[in-house]
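What follows is each chain in one-letter form.
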Amino acid sequence: MVKDSAQLAALGDPTRRRIFELVGTRPRTVAEITRELTVSQSAVSQHLKVLRESRLVRAEPKGASNVYHIDPAGLGQMRAWLDRFWSNTLAAYKVAVEKS
């Protein structure tokens, strides 16, 4: 649950969510992300650090910069955690329907 908490906390910030969404559409550099936002390049780098530490994005060195991608392993962990709630909800719904 610790990793899940870090991931949820990381996505709790609207700027980080936007960065995550941008990287989710295609891999991007810090400069490309900064052009899409109203925050400084330094701020984008700090947000990316939080996203990296929570395993939501990963950096791939390319020349003098990094290209950021969604981290499928970290995202898979978060999805598995969220899927438990979905499974529990469906099971409860099934029980409710069968009682009707």
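So, here is what we can say about the structure in this document. The structure displayed is predicted, hence computed values, not measured ones.

1. Comments concerning the sheet that holds strand β2 (residues 57-62)
In a beta sheet, neighbouring strands are held together by backbone hydrogen bonds and run either parallel or antiparallel to one another.
Move 1: Reading across the sheet, the 3 strands line up as β1-β3-β2 and stay open at both edges, with antiparallel pairing between neighbours. In this open sheet, the two strands that pair with only one neighbour each are β1 (28-29) and β2.
Move 2: Across 6 bridges, the pairing between β2 and strand β3 (residues 65-70) is antiparallel. Bridging from a neighbouring strand, Val-57 pairs with Ile-70 of β3.
Move 3: Sitting on the sheet, helix α4 (residues 41-53) is in contact with β2 and β3, with an inclination near 115 degrees to β2.

Conventions and cut-offs
Residues numbered from 1 in each chain as written. Predicted model: local features only at pLDDT ≥ 70, side-chain atom pairs only at ≥ 80, totals over all residues. Heavy atoms only, no water. Pairing = 2+ DSSP bridges. Helix = DSSP H or I, 4+ residues; strand = E, 2+ residues; numbered from the N terminus. Contact = heavy atoms within 4.5 Å. Axes fitted to C-alpha atoms, helices over the stretch in contact; angles between N-to-C directions.

All we've got here are geometric facts, nothing functional implied.
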